[in-house]
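Report on the structure
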Amino acid sequence: MQDESYDVVIVGAGPGGLSCARALAGSGRRVLVLEKAETLGKKICAGELTAKVLPGEDFDRGRPWTEIHVGNDHTCHALKLPRPFAWTTGRHGIESHLMKGCDADIRFGEPVQTITADFVETRTGRYRYKQLVGADGANSIVRRHLELPREKIVGWAYHFVVDQPATEFHIYWLPRTFPAGYGYMMSRSRGQTMVGLAFEGSRFDRDIAARAGVWVAKRFGLDVSKLRHEAAKGNADYRGWRFGNVFLVGEAAGLLNPLSTEGIYYAIRSGEGVGKFLRGDATGEGLMRRLAHVHKKQVAIFKLVTNKKLPFCWMVDWVMRDPRRGLRRWLLQWVLYWLMDRSG
């Protein structure tokens, strides 16, 4: 077993980890990125990017979406929009772009098994660190090492995969069928479509999966028995980003927008913030404070609109029922661009 020393060890080569490594490029610090998957882009995740992700950077964002199908438990309407609200880039595309800006030692197929105050250990090596960054998603081993709970806002995405590019983008508000959840059809990657549900809750079992399958089959006319399905846990329980010489970014930190379940933007920005902080750039800490402030607002709004005892939940239902014209169309379009274009 090899024994090496690094200034910074980053666990996870997703958008957060690669963004952190990119921010550290040229700093003179010895950086190691450890990724459990064999290649880039393997996390279960939507393949869409919004306008606020890496604005001004030159890379292929993929298909722009200017039409969206929206509805509630009973309706569905198509809306044409004046400009794109998202692009199908795919995780492999965005991660490949971020990786080009890194000069770190990036190792795939090396899941971290043990973490101590001085080193991390994989099957093949022990790596000593001065600073450790957890960028390893909702089920972060670094977060577990810090003994941080995931209790406040935890949820699941469960969907079926169609091995064809998405031709439509759908969002459904479902307070009667799946409280604190929404249904979707969108790109999983440039060549795949995912159709399913995202919902709040720590529990996921066969009963929920069966109900989701019934909803997907009825809404989209799919034979779900012939489709591959997958589930992923989401974490929006933010407890901080700096813990001595250990740092958390993205979903490992709980920086996920519970309203839209968008995570890539917050992973990239928090990775950038921690990377800048580690190289001595004072703007990094300011960026992390802003992300924490935005997340606090997102959580407050999420709790308001998902509480069926409050009128906000049913206001969303009223808008989604038929937003083809008038005030409902204006509200939906304003909220959609607010979610997609702005950090919060």
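Residues numbered from 1 in each chain as written. Predicted model: local features only at pLDDT ≥ 70, side-chain atom pairs only at ≥ 80, totals over all residues. Heavy atoms only, no water.

Details of the sheet that holds strand 16 (residues 228–235)
- Strand order across the open sheet formed by 7 strands is 6-5-13-14-15-12-16, with mixed pairing between neighbours. Edge positions in the sheet fall to strand 6 (77–80) and strand 16, since each of these pairs with one other strand and no more. Adjacent strand axes in the sheet meet at a mean angle of 25 degrees, parallel and antiparallel pairs treated alike.
- In this structure, strand 5 (residues 67–71) lies alongside strand 13 (residues 170–173), joined through 3 bridges in parallel fashion. From the neighbouring strand, His69 faces strand 13, where its bridge partner is His170.
- On top of the sheet, helix 4 (residues 206–220) reaches strand 12 (154–162), strand 13, strand 14 (181–189) and strand 15 (192–200); it is set at about 130 degrees to strand 15, its chief contact. (Pairing = 2+ DSSP bridges. Helix = DSSP H or I, 4+ residues; strand = E, 2+ residues; numbered from the N terminus. Axes fitted to C-alpha atoms, helices over the stretch in contact; angles between N-to-C directions. Contact = heavy atoms within 4.5 Å.)

So, unusual backbone geometry
- You will see that Glu147, though not glycine, has its phi angle at about 60 degrees, which is positive.
- Among the secondary structure elements, Glu147 is positioned in the loop between helix 3 (141–145) and strand 12.
- You will see that Ala180, though not glycine, has its phi angle at about 55 degrees, which is positive.
- Structurally, the position occupied by Ala180 is in the loop between strand 13 and strand 14.

Quick word on the pairing of strand 13
- Residues His170 and Tyr172 line one face of strand 13 and the alternating positions Ile171 and Trp173 line the opposite face, and both faces are buried.
- Looking at chain direction, strand 13 and strand 14 are connected through 4 bridges and run antiparallel. Residue pairing across strands places Ile171 opposite Tyr184, the latter belonging to strand 14. (Buried < 20%, exposed > 50% of the residue type's maximum accessible area, 1.4 Å probe, protein only.)

With respect to the sheet that holds strand 3 (residues 48–49)
- Spatial ordering of the open sheet is given by 3-7-4, a layout of 3 strands whose pairing is antiparallel. The sheet terminates laterally at strand 3 and strand 4 (63–65), the two strands that pair on one side only.

Quick word on the packing of aromatic side chains
- Enumeration over the complete set of coordinates arrives at 18 aromatic pairs.
- Between Trp241 and Phe277, the aromatic rings sit 5.3 Å apart at their centres with planes inclined by 90 degrees, giving edge-to-face as the arrangement. Pair noted here: Trp241 is in the loop between strand 16 and strand 17 (242–243) and Phe277 is in helix 6 (residues 264–278), with a separation of 36 residues, a long-range link. Both residues of the pair, Trp241 and Phe277, count as buried.
- Three or more aromatic residues link up through ring pairs in this structure, and these residues are Trp156, Tyr158, Phe160, Phe178, Phe199 and Phe204.
- The ring of Phe178 is capped by Arg211, whose NZ or CZ atom sits 4.4 Å from the centre of that ring. (Phe/Tyr/Trp six-rings, centres within 6.5 Å; stacked < 30°, edge-to-face > 60°. Lys NZ or Arg CZ within 6 Å of the ring centre and 35° of its normal.)

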